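# Structural characterization, general
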Amino acid sequence: MSVSEHPLRKYTRRHITRTTTCPGCGIGTVSQAILRAIDELGLDMDDFVFVSGIGCSAWIPSPFYAADTLHTTHGRPIAFATGVKLGLPDKNVMVVSGDGDLTAIGGNHLIHAARRNVDLTVVLVNNGIYGMTGGQTAPTTPRGLTTITSPYGTMEHHFDIAPMVAAAGASFVARWTTYHPRQMTRSIKKGIQKKGFALIEAVSQCPVQYGKASKLGSAVRILEYFKENSVRIDKARAMEAEALAGKIIVGEWVDIAKAELTQEWTELRRKLREESECHKLI
Amino acid sequence: MSKVNIFRQSCKGVDDCGICKFVCPQDLFQACQEMNAAGYFPPEIKDESQCTGCRNCMVYCPDFAIWVEKTDDQPAEEDEDKNAG
Ligand SMILES: Cc1ncc(C[n+]2csc(CCOP(=O)(O)OP(=O)(O)O)c2C)c(N)n1
Ligand code: SF4
Ligand code: SF4
Ligand code: SF4
Ligand SMILES: [Mg+2]
């Protein structure tokens, strides 16, 4: 027996027949990891609102996913998503966007949503560059890399996103690369189920822009790089800083339970309503 | 034996992408000779009887172009942590 279409296509809009990404782009692998997580959890797309910003990664849910999708302005998806979650607390609200979107122009929203512990699941696709606009240096670009905006190599240090968001107060934080799609799916499932701010950093290949800048070129060569240079967090904790230079630490940083903002608001509203009812009776 | 379904029209080409070929432990993928409607050469399977049903090609393909159906007597999907670095 052979099937006529990919079974995960039941979660995508019928009229969208292809993905928007370049050949070999890791964004599609992340997209599949998200849909597999939802499928394995047995959730309904109607229970989700997907919010994205601007960039190649922001095209993952919109227009592809057959769900409510909100494609917002550059850097602002977490701000929109916070509003959606507070207004519709029963929805699973997932933000999907890029490293430039969520850590450069949108960096403050990211750390403050983690600090406030709003119940969002953020899948941050980190390809180390501004892919969509032609390969400019991002806050995630490795030091020394030559890009079109750093012709002598970038002199800046890059953000280490997962531990930064962990330090900001998130309830769940993980990082995997597109060489680890199964682990990524598992962490996305945990992120969706977590009552609190959850970040899954998905280190991904941009063969076109990053491939050109790094001279790694093809998708397969970048995946080989991920394979050879990923170190699990438990192993990394026992390693010296020099040995970790150029390595990608993967795994789960945080998985905790703590007071969550939507819940606190709901509770406060209930309490105030009760109090005002009491006053009316007097 | 597993059935490896390739949705030719979704694929963006073994030459430009080729991720399925890279992650197949049995090295079963090769570019076919026939272009799809978008101008790419999707893969074909050299010998399906050699497929272990590991589903790597399916979970890594960025374009939803592969689905592997497994038979009951096959081992479970590849260990999650095997590639974890
Ligand atoms: C306010 C504003 N500033 C700048 C831009 C131009 N712009 C569009 S996408 C983008 C960067 C996207 O990078 P990233 O979030 O890493 O996404 P990628 O394309 O790499 O997935 C920029 C600077 C814009 N659209 N809006
Ligand atoms: S420019 Fe890079 S990130 Fe954007 S779709 Fe192409 S390969 Fe992917
Ligand atoms: S991984 Fe998918 S898109 Fe890439 S060549 Fe193979 S079938 Fe085509
Ligand atoms: S399921 Fe595994 S062995 Fe079979 S074709 Fe795909 S990658 Fe190769
Ligand atoms: Mg980027």
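Read on for a plain summary of the structure. (Residues numbered from 1 in each chain as written. Chains lettered and ligands numbered in written order. Predicted model: local features only at pLDDT ≥ 70, side-chain atom pairs only at ≥ 80, totals over all residues. Heavy atoms only, no water.)

A separate point is the packing of helix 2 (residues 77-87) of chain A against helix 4 (residues 107-116) of chain A. Residue and element names in this part refer to chain A. For the pair helix 2 and helix 4, the least separation of the axes is 8 Å and the interaxial angle reads 30°. Considering how the two elements wind past one another, helix 2 and helix 4 form a crossing that is left-handed. Here Ile78, Ala79 and Thr82 of helix 2 lie close against helix 4, whose contacting residues are His109, Leu110, Ala113 and Arg116. (Axes fitted to C-alpha atoms, helices over the stretch in contact; angles between N-to-C directions. Helix = DSSP H or I, 4+ residues; strand = E, 2+ residues; numbered from the N terminus. Left-handed = near helix turned anticlockwise from the far one by under 90°. Contact = heavy atoms within 4.5 Å.)

For the rest of this paragraph, the subject is the pattern of salt bridges. Here the structure, examined in full by the defined rule, presents 15 salt bridges over all chains. For Asp119(A), the salt bridge is made with Lys195(A), and the minimal N-O distance between the two is 2.8 Å. Separated by 76 residues along the polypeptide, Asp119(A) in the loop between helix 4 and strand 4 (121-126) and Lys195(A) in the loop between helix 6 (181-193) and strand 6 (198-203) bring together distant segments of the chain. Relative accessible area serves as the criterion here: at 9%, Asp119(A) is assigned to the buried category. In this structure Lys195(A) comes out as partly exposed when scored by relative accessible area, which is 39%. Residue Asp27(B) is joined to Lys46(B) by a salt bridge in which the shortest nitrogen-to-oxygen separation is 3.9 Å. On the criterion of sequence distance, the pair formed by Asp27(B) in the loop between helix 1 (19-23) and strand 2 (29-31) and Lys46(B) in the loop between strand 3 (43-45) and helix 2 (56-60) is long-range, its members being 19 residues apart. By relative accessible area, Asp27(B) is classed as partly exposed at 41%. Through salt bridges with shared partners, a single ionic network connects Lys85(A), Asp119(A) and Lys195(A). (Salt bridge = Lys/Arg side-chain N within 4 Å of Asp/Glu carboxyl O. Buried < 20%, exposed > 50% of the residue type's maximum accessible area, 1.4 Å probe, protein only.)

Inspection of the region around ligand 2 gives Thr21(A), Cys22(A), Cys25(A), Ile27(A), Cys56(A), Asn127(A), Gly131(A), Cys206(A), Pro207(A) and Val208(A) as its neighbouring residues. Broken down by class, the residue content of the shell around ligand 2 amounts to seven nonpolar, three polar and no charged. (Near = heavy atom within 4 Å. Nonpolar A, V, L, I, M, F, W, Y, C, P; charged D, E, K, R; others polar.)

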